[in-house]
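Residue-level listing of the chains:
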Amino acid sequence: MKLTSIFIVVASLFYFMMGFATQSINSALPAIAVELEMSHSMTGLVLGLPSLLYQVAVIVAAALSRKSGPFLSASLGISCITFSVIFMALSRTYYTFLIGRLLFGFGLGATEISIALGVSQLAFKRTGGVLNSVYSFFALGSIVAPLVVSAVLTETNMWNVPILIAAALFLVVVFLSWTVWKKAAKESLSDVEKRRITLPRDSMFWLVAAGGLLYVGYEVGLFSWLSSFAYEEKLLPLRMASLTTSILALGLFVGRIVTGVVVDKFGLQRTLVVLGTISLAGFSIAFFAGNSILLSLGVFITGLGFSGTFPTLQAIIVSGYRQNRETVLAIFAAAGSVGAVTTNILVGGVSDRTNLAYGMSVIGVQIAAALLIFTSIYLIQRKRKKLATS
């Protein structure tokens, strides 16, 4: 099998397992909070602080990729994630669980930027389509996980069972990732030519980075808090509340399949505006829903809007700044991690002082702000295109 094919398989399996592991934690969050005696603020730290380690890992992996290529750093990152999932599943206190989450964030940062660099290095012609297709497996894993959690979470002390399942499956992904690294090493695919590190000066890049900051913030925030919101504010039973993230992930999965097919023809910038509009409409329906049917509908529509936003933003970065890709991807990833930590801490803090509904309104404000940025990106690109053809 060719390196490109193996790489796509491993990247897809990784994102499937990331979706499964992440949503296993998020769906079981109400039970975890009970068992580990976590307040909303403590939960916000568990969800947000790993993003700080994510930023560190992005810098380390970007530097390592310049010397050894992205496949080694991807394998190291996946190995770190696997260890962290095992560590979390065996935790019995808040602080040990927090340590596991921090290691999880570090491994995720190293792996995500390495996969994006791998896409760039292998010179895919349809960057947006490939990234959307690979990321669709995150949504598929996110669909499966809440179903597993709902099936096994009969008591709060069963919260770690789906995480143990994730740990076992991650061992397979680790083995395959090292296979990719060995094959890349044999083919001398190191791509370590010297490229000068420079920061982009054009407004488009910094708008994309700002959009990434907001998107990762509200996407991670909604996935993290949705089950708790449905349980505490919408008064859904625990097992039903845990399924809300599965509905969100279903919308994400369907949307990414569609986006992966049409994004390169429809245009990256225009796609962002459409997705941002759908996200805001869906979140509004879910936030103000008076029954479980409307809540589910709003959550699904929100997932459709979320679907292709991150890979489309990343495609703009990868396709537009290939000569300095480690630097720009590191900045983009770091911006996203800042958004994730800020959102989770804000939602937790506001919720402790008022209630979770007010805390969730932070996410709505972020979606609206992101839509304004996406519109600006589209208008700037359209103006540049007109000037180029005139």
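Residues numbered from 1 in each chain as written. Predicted model: local features only at pLDDT ≥ 70, side-chain atom pairs only at ≥ 80, totals over all residues. Heavy atoms only, no water.

### Focus: the overall build of the protein chain
Here is the rule: Numbering goes from the N terminus for both helices and strands, where a helix is a DSSP run of H or I of at least four residues and a strand is a run of E of at least two. Radius of gyration here is computed from C-alpha atoms only, and the compact-globule reference equals 2.2 Å multiplied by the residue count raised to the power 0.38. Each residue gets one of three labels from its accessible area relative to the maximum for its type: buried under 20%, exposed over 50%, partly exposed in between, using a 1.4 Å probe on protein chains only. When checking whether two residues touch, look at their non-hydrogen atoms; a contact exists if any pair is within 4.5 Å. Throughout, the Shrake-Rupley method with a 1.4 Å probe supplies accessible areas, and for residues the shown protein chains are the sole cover considered. The convention is simple: Lys and Arg are positive, Asp and Glu are negative, and His and the chain ends are not counted. To locate a charge, the coordinates of NZ of Lys, CZ of Arg, CG of Asp or CD of Glu are taken.
Regarding its fold elements, the protein chain presents 16 helices and zero strands. Against the compact-globule benchmark of 21 Å for 390 residues, the protein chain has a radius of gyration of 20 Å, which places it among compact chains. A principal-axis box enclosing the C-alpha atoms of the protein chain has dimensions of 55 × 50 × 35 Å. Going through the 390 residues of the protein chain one by one, you find that 57% of them count as buried. Considering only contacts in the protein chain between residues 6 or more positions apart, those separated by 24 or more positions represent 85%. Surface summary for the protein chain: the accessible area is close to 15,600 Å², and the carbon and sulfur share equals 70%. Averaged over its 27 positive side-chain charges, the protein chain has a centre that lies 14 Å from the centre of its 14 negative ones.

### Some points on helix α13 (residues 292–306)
Selection rule: In this scheme, a helix's expected span is set at 1.5 Å multiplied by one less than its residue total. This arc is built from the directions going out from the helix axis to the C-beta atoms. Contacts described as polar in this section are N or O atom pairs within 3.5 Å, which, within protein, must combine one atom able to donate a hydrogen with one able to accept it, while residues neighboring in sequence count only if both atoms come from side chains.
In a regular helix each residue adds 1.5 Å, so 15 residues correspond to 21 Å; α13 covers 21 Å between its end C-alpha atoms and thus fits that length. Listed as buried for α13 are L295, G298, V299, T302, G303, G305 and F306. Along α13, the residues classed as buried sweep out an arc of 155° about the axis, all on the same side. Here the buried face of α13 lies against α9 (203–232), α11 (244–266), α12 (268–288), α14 (309–320) and α16 (356–389). For α13, the side-chain oxygen to backbone nitrogen distance between the N-cap and I293 is 3.1 Å, and the N-cap itself is N291.

### Side note on the packing of aromatic side chains
The geometry of an aromatic ring pair is captured by the separation of the ring centres together with the interplanar angle, meaning the angle of the planes. Rule in force here: Between the rings of Phe, Tyr and Trp (Trp by its six-membered ring), a pair exists once the centres lie within 6.5 Å; its type follows the angle of the planes, with under 30 degrees stacked, over 60 edge-to-face, and the other angles tilted. Cation placement over rings: the criterion is NZ of Lys or CZ of Arg within 6 Å of the ring centroid and within 35° of the ring normal.
On inspection of all chains with the given rule, the structure shows 16 aromatic pairs. With 5.0 Å between their ring centres and 70° between their planes, Y94 and Y95 make a pair best called edge-to-face. Taking the relative accessible area as the measure of exposure, Y94 reaches 8% and is therefore buried. The interplanar angle of 85° and the centroid separation of 5.0 Å between the aromatic rings of F287 and F288 together place this pair among those described as edge-to-face. Accessibility expressed as a relative area gives 68% for F288, which makes it exposed. The structure contains a cluster of three or more aromatic residues connected by ring pairs, namely Y215, Y218, F306, F310 and F332. R270 extends its terminal NZ or CZ atom over the ring of F266, reaching a point 5.1 Å from the ring centre.

### Let's talk about the environment of Q381
One can find Q381 in helix α16. Judged by its relative accessible area of 29%, Q381 falls in the partly exposed class. Those residues within four positions of Q381 in sequence are excluded, and the remaining contacts are M204 and Q269.

### Notes on unusual backbone geometry
A positive phi angle is found at E37, which is not glycine, with a value near 55°. Locating E37 in the fold gives a position in the loop between α2 (29–35) and α3 (40–48). Notably, L235 is not glycine yet its phi reads approximately 60°, a positive angle. Among the residues examined, L235 registers a relative accessible area of 68% and is labelled exposed.

### Looking at the packing of α12 against α16
Heads up, the rule is: Here the axes come from fitting lines to C-alpha atoms, over the contacting stretch only for helices, and the angles between their N-to-C directions go from 0 to 180 degrees. Throughout, the term roughly parallel applies to angles under 35 degrees, roughly antiparallel to angles over 145, roughly perpendicular to angles from 65 to 115, and oblique to all others. A crossing counts as left-handed when the near helix is turned anticlockwise from the far one by less than a right angle, and as right-handed when that turn is clockwise. Each residue gets one label: Ala, Val, Leu, Ile, Met, Phe, Trp, Tyr, Cys and Pro are nonpolar, Asp, Glu, Lys and Arg are charged, and the others, such as Gly, are polar.
Where α12 contacts α16, the two axes come as close as 8 Å, and the packing angle between them is 160°. By the angle between their directions, the pair α12 and α16 is classed as roughly antiparallel. Remark: the crossing between α12 and α16 carries left-handed chirality. Within the contact of α12 with α16, the residues separate by chemical class into 14 nonpolar, eight polar and one charged.

### Looking at the nonpolar core
Where we set the bar: The criterion is simple. A nonpolar core is a set of buried Ala, Val, Leu, Ile, Met, Phe, Trp, Tyr and Cys residues joined through side-chain atoms within 4.5 Å.
Counting 117 residues, the largest nonpolar core has F14, V85 and F170 as its most contacted members. It is α9 that provides the largest number of residues to this core, a total of 13 residues. Excluding its chain neighbours within four sequence positions, the residues that come into contact with F170 are F14, M17, M18, A21, I81, T82 and V85.

### Some points on the packing of α3 against helix α6 (residues 94–121)
Relative to each other, α3 and α6 sit at 25°, their axes nearing to 8 Å. Overall, the two elements α3 and α6 adopt an arrangement that is roughly parallel. Counted together, M42, L45, V46 and L47 of α3 and Y94, F97, L98 and R101 of α6 form the full contact between these two elements. Classifying every residue of the contact of α3 with α6 gives seven nonpolar, no polar and one charged.

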